Amino acid sequence: DTGVSQNPRHKITKRGQNVTFRCDPISEHNRLYWYRQTLGQGPEFLTYFQNEAQLEKSRLLSDRFSAERPKGSFSTLEIQRTEQGDSAMYLCASSIYRDRASYEQYFGPGTRLTVT
Amino acid sequence: GENVEQHPSTLSVQEGDSAVIKCTYSDSASNYFPWYKQELGKRPQLIIDIRSNVGEKKDQRIAVTLNKTAKHFSLHITETQPEDSAVYFCAAPGAGSYQLTFGKGTKLSVIP
């Protein structure tokens, strides 16, 4: 499978614990995006990277959230001191950015987080 | 930032009929409009997109139309089939931004 992959697919954690998710984009894609999706809603943007640089973060992104893409390939999203409101599907997407144009975003299967 | 409104929230059609889903956006500088299909428990899947330099794009039974003056775009599915049943999302980027703002989704049910 050469699409976007995410691990783990499911994560159950207790409130107050830290969690980390991983996203592996399509190999030639230099842009990587993180979104969050709650039941009955569309994906909500969190942050994105071009290569290893984090270029934009949502104003809604709490300080408890941090993302990295250290070598411009895979990315991790960490949530510290999880709260029940963090329960959601965390989606990763990737795209190609070239010649000052950004192309189609392709999504991974997501990581479903449940905070108990 | 960009604001995307999507209607209707639910849509039921008989197999073989057409379905139309409409979206409006707020940022007149937006220039790219994708549509995603999401089946239950699956990832959003890009099914068609349109850029602001064209008014319509077709791919087999699916078409998207764009009216930049009115700031709305629509998804048209003809000859619907049961496998078209899913939630459909429209999206648009804000000016100078590459992050997508999504509509709230339309749950399409195709009745055999």
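You'll find the structure just up there.
One structure accompanies this document, and this report is about it. What you see is a predicted model, and the numbers here were worked out from it, not measured in a lab. (Residues numbered from 1 in each chain as written. Chains lettered and ligands numbered in written order. Predicted model: local features only at pLDDT ≥ 70, side-chain atom pairs only at ≥ 80, totals over all residues. Heavy atoms only, no water.)

Quick look at the sheet that holds strand 1 (residues 5–7) of chain A
Residue and element names in this part refer to chain A.
So, point 1. Read from one edge to the other, the open sheet built from four strands follows the order 1-3-8-7, with strand pairing classed as antiparallel. Looking at which strands have only one partner, the edges of the open sheet turn out to be strand 1 and strand 7 (65–68). The sheet shows a mean angle of 15° between the axes of neighbouring strands, taken without regard to direction.
So, point 2. Inspection of the sheet shows strand 1 paired to strand 3 (residues 19–24) by three bridges, in the antiparallel sense. From the neighbouring strand, Asn 7 faces strand 3, where its bridge partner is Arg 22. (Pairing = 2+ DSSP bridges. Helix = DSSP H or I, 4+ residues; strand = E, 2+ residues; numbered from the N terminus. Axes fitted to C-alpha atoms, helices over the stretch in contact; angles between N-to-C directions.)

Here's the deal with the pattern of salt bridges
Residue and element names in this part refer to chain B.
So, point 1. Evaluation of the coordinates by the stated rule reveals six salt bridges over all chains.
So, point 2. The partner of Arg 61 in a salt bridge is Asp 84, and the shortest N-O contact between them spans 2.9 Å. Here Arg 61, found in the loop between strand 6 (56–59) and strand 7 (62–67), pairs with Asp 84, found in the loop between strand 8 (72–77) and strand 9 (86–93); they are 23 residues apart in sequence, far enough to count as distant. (Salt bridge = Lys/Arg side-chain N within 4 Å of Asp/Glu carboxyl O.)

Examining the interface of chain B and chain A
So, point 1. Across the boundary between the two partners, chain B contributes 16 residues, which contact 23 residues of chain A.
So, point 2. At the boundary of chain B with chain A, total buried surface from both sides reaches about 1,700 Å², with 50% on carbon and sulfur atoms.
So, point 3. Taken together, chain B and chain A are joined by zero salt bridges.
So, point 4. The interface formed by chain B and chain A contains six residue pairs in polar contact (both at pLDDT 80 or more).
So, point 5. If you list the elements that add at least two residues to the side of chain B that touches chain A, you get strand 4 (32–38), strand 5 (45–51) and strand 10 (100–102) of chain B.
So, point 6. Classifying every residue of the side of chain B that touches chain A by side-chain character gives eight nonpolar, four polar and four charged. (Contact = heavy atoms within 4.5 Å. Buried area = accessible area lost by both parts, 1.4 Å probe. Polar contact = N/O pair within 3.5 Å; in protein donor to acceptor, adjacent residues only side chain to side chain. Nonpolar A, V, L, I, M, F, W, Y, C, P; charged D, E, K, R; others polar.)

Comments concerning the sheet that holds strand 1 (residues 4–7) of chain B
All names here are of chain B.
So, point 1. With antiparallel pairing, the five strands of this open sheet are ordered in space as 1-3-8-7-6. Either end of the sheet is taken by a strand with one partner, and the two such strands are strand 1 and strand 6. In this sheet, neighbouring strand axes are inclined to one another by 15° on average, regardless of whether the strands run parallel or antiparallel.
So, point 2. Strand direction decides the pairing type here: strand 1 and strand 3 (residues 19–25), joined by four bridges, are antiparallel.

Structural notes on the state of the cysteines
Residue and element names in this part refer to chain A.
So, point 1. The full count for this structure, using the stated rule, is two disulfides over all chains.
So, point 2. Covalent S-S linkage joins Cys 23 and Cys 92, the inter-sulfur distance amounting to 1.8 Å. Measuring the twist about the S-S bond at about -65°, one finds the Cys 23-Cys 92 disulfide to be left-handed. Of this pair, Cys 23 sits in strand 3 while Cys 92 sits in strand 9 (residues 88–95), placing them 69 residues apart in sequence. (Disulfide = S-S within 2.5 Å.)

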